[in-house]
Amino acid sequence: MATLEKVYNKSMATVTSQKKDLAQFCRYLTSDEPGSTFVQQLKQKNHKLYQRLAVTFVNEHRAELIQKVTTVRSIADALYSKKMVDNELNSQIQAETTSQDKMRLLYKALDSAEAVKAAFFKLLAQEQFPLVQDLAKKKLRQLEACDVDVP
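Predicted model, so just to flag it, every value in this text is computed and none were measured.

Peer 1: How should the overall build of the protein chain be read in this particular structure?
Peer 2: In terms of helices and strands, the protein chain carries 9 helices and 0 strands. Going from the N terminus to the C terminus, the protein chain shows its helices and strands as α-α-α-α-α-α-α-α-α. Within the protein chain, the proportion of its 151 residues that are buried is 41%. Only carbon and sulfur atoms are counted for the fraction: they give 51% of the accessible area of the protein chain, which is about 8,700 Å².

Written out as structure tokens, the structure is:
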């Protein structure tokens, strides 16, 4: 029983740490300009943490991103140029008439690899930073409501 308790305590500590990391990430997103010093340093010094936080952000805001991203065409083109979206999917995305349908298709590529989601997040932050800030504020309020210590 002691081993089960240790595993539980360790997993709870990990979850708490991840929530604190996400809260700090959201706080900096809400207070910084695009290409903020914090986010740039995080990408350089701890790329795995940055990628995990970017992926979490894209996963948790899927519905809102599908509804609100308006620059899907240029983001898909940028991902295509990085060979993260294949030609067929990029053509399908470009052929769709609404941004929402374009985003639904783009999520097929985003769901293929975490690196693709992280690249999408970076492009989204460059092209639609106010949307990223709004979603980060929303997430920060949720985390604060759950009583997560926000540094």
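Peer 1: Explanation requested: the pattern of salt bridges in the structure shown.
Peer 2: Side chains that differ in sign of charge can pair as their charged atoms come close. For the structure on display, the rule yields 5 salt bridges. Its salt-bridge partner being K138, residue E64 comes within 2.3 Å of it at the nearest N-O pair. Of this pair, E64 sits in helix α4 (residues 62–68) while K138 sits in helix α9 (residues 129–145), and the two are 74 residues apart along the sequence. Judged by its relative accessible area of 16%, E64 is buried. Looking at K138, the relative accessible area reads 31%, which means it is partly exposed. In this structure, the salt-bridge partner of D101 is R104, at a minimum N-O distance of 2.8 Å. Within this pair, D101 and its partner R104 are both found in helix α7 (residues 99–110), separated by 3 residues, close to a single helical turn. Assessed through its relative accessible area of 29%, D101 is described here as partly exposed.

Peer 1: Would you take a moment to explain helix α8 (residues 114–127) for this structure?
Peer 2: Spacing of three or four residues puts side chains on the same side of an α-helix, whose turn is 3.6 residues. The end-to-end C-alpha separation of α8 is 20 Å, in line with the 20 Å expected for 14 residues at 1.5 Å each. Listing the buried residues of α8 in full gives V116, K117, A118, A119, F120, F121, L123, L124 and A125.

Peer 1: Help me out: how do you make sense of the environment of F120 in this one?
Peer 2: When you line up the elements, F120 lands in helix α8. Residue F120 is classed as buried on the basis of its relative accessible area, which comes to 0%. Along the backbone, F120 and A109 are 11 residues apart, and their C-alpha atoms lie at a distance of 9.9 Å. Setting aside chain neighbours within four positions, we find F120 in contact with V58, L65, I75, L79, M103, L106 and L110.

Peer 1: Looking at this model, I keep getting lost on the packing of aromatic side chains. Mind explaining?
Peer 2: By convention here, two paired aromatic rings are described through the distance between centres and the angle between planes. Applying the stated criterion across every chain yields a total of 2 aromatic pairs. Judged by centre distance (6.3 Å) and plane angle (65°), the ring pair of Y50 and F121 falls under edge-to-face. Separated by 71 residues along the polypeptide, Y50 in helix α3 (residues 47–60) and F121 in helix α8 bring together distant segments of the chain. Take Y50: its relative accessible area is 3%, and that puts it in the buried class. With centroids separated by 5.2 Å and ring planes inclined at 70°, the aromatic side chains of F57 and F121 adopt a geometry described as edge-to-face.

Parameters and conventions
- Numbering of residues starts from 1 in each chain and follows the order in which that chain's sequence is written.
- A pLDDT threshold of at least 70 governs which residues receive local features in this predicted model, and a stricter bar of 80 or more applies before side-chain atom pairs are shown or counted, although totals over entire chains, interfaces and linings include all residues.
- Water and hydrogen atoms were dropped before computing side-chain values, which therefore reflect all heavy atoms in the structure.
- Where helices and strands are cited, they refer to DSSP runs of H or I of at least four residues and of E of at least two residues respectively, numbered from the N terminus.
- Each residue's exposure class comes from its accessible area (1.4 Å probe, protein chains only) as a fraction of the maximum for that residue type: buried when under 20%, exposed when over 50%, partly exposed otherwise.
- Exposure was quantified through the Shrake-Rupley algorithm and a 1.4 Å probe, taking into account, for residues, occlusion by the shown protein chains and nothing else.
- Any Lys or Arg side-chain nitrogen located within 4 Å of an Asp or Glu carboxyl oxygen qualifies as a salt bridge.
- One less than the number of residues in a helix, times 1.5 Å, gives the span that helix is expected to have.
- Throughout, a contact is declared for two residues whenever any of their heavy atoms are within 4.5 Å.
- Only rings of Phe, Tyr and Trp enter the pairing, Trp through its six-membered ring, and a pair is recorded when the two centres are within 6.5 Å. The plane angle decides the type: under 30 degrees is stacked, over 60 is edge-to-face, the rest tilted.

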